[in-house]
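# Structural overview for review
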Amino acid sequence: MRLRNGSIESKLIKLAVVKPPVSAIPTRQREDEVAICIPYSKTRDPRIYNHITDTGKRALLENVKNSFDVDCWTFLHDFGRIGKQQKDLIYLYMEQRGIKEDGTCWDSIAKIYQRLRKNYLTNQCKRKNNTIKKW
């Protein structure tokens, strides 16, 4: 996977890569992992700076998850008010994002959206209660 130059993820990788320790053995890509090309930088040439620590991996993964949540919420929340079937909207979302259905993707996205919606509604309720108390 190649990241867009200048994206937050690209900048995060540029900051997180370090020179590999002498004792470092490159790990093989597992089946459930996505390979990401290290973006070129004059100050951090990927031929030299090509090791990412576990902390860097966690930071990158957290950033990608947050970006996915925001994208999912933005797409599904607006359409959810129209009354369309959530099932069809999730399939449309997956189709437009190139997510292949493997039997678990639809359920995972539906659960993510439900969690985001619950948080949103809870925050809206708290906001209303705070506004009422001020008056």
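For the structure given in this document, a descriptive report is provided here. (Residues numbered from 1 in each chain as written. Predicted model: local features only at pLDDT ≥ 70, side-chain atom pairs only at ≥ 80, totals over all residues. Heavy atoms only, no water.)

### Observations concerning the overall build of the protein chain
A tally of regular secondary structure across the protein chain gives four helices and two strands. The order of helices and strands in the protein chain, counted from the N terminus, is α-β-β-α-α-α. For the protein chain, the proportion of its 135 residues judged to be buried stands at 21%. In the protein chain, of all internal contacts separated by at least 6 residues, the share reaching a separation of at least 24 is 62%. (Helix = DSSP H or I, 4+ residues; strand = E, 2+ residues; numbered from the N terminus. Buried < 20%, exposed > 50% of the residue type's maximum accessible area, 1.4 Å probe, protein only. Contact = heavy atoms within 4.5 Å.)

### Focus on the packing of aromatic side chains
Inspection of every chain in the model, using the stated rule, returns five aromatic pairs. Taking the centre distance of 5.1 Å and the plane angle of 45° together, the rings of Trp73 and Tyr120 count as tilted. Here Tyr120 lies in helix α4 (residues 105–134) and Trp73 lies in helix α2 (residues 54–80), a separation of 47 residues in the sequence. Among the residues examined, Tyr120 registers a relative accessible area of 28% and is labelled partly exposed. Taken together through their ring pairs, the aromatic side chains of Phe68, Phe75 and Tyr93 make up a single cluster. (Phe/Tyr/Trp six-rings, centres within 6.5 Å; stacked < 30°, edge-to-face > 60°.)

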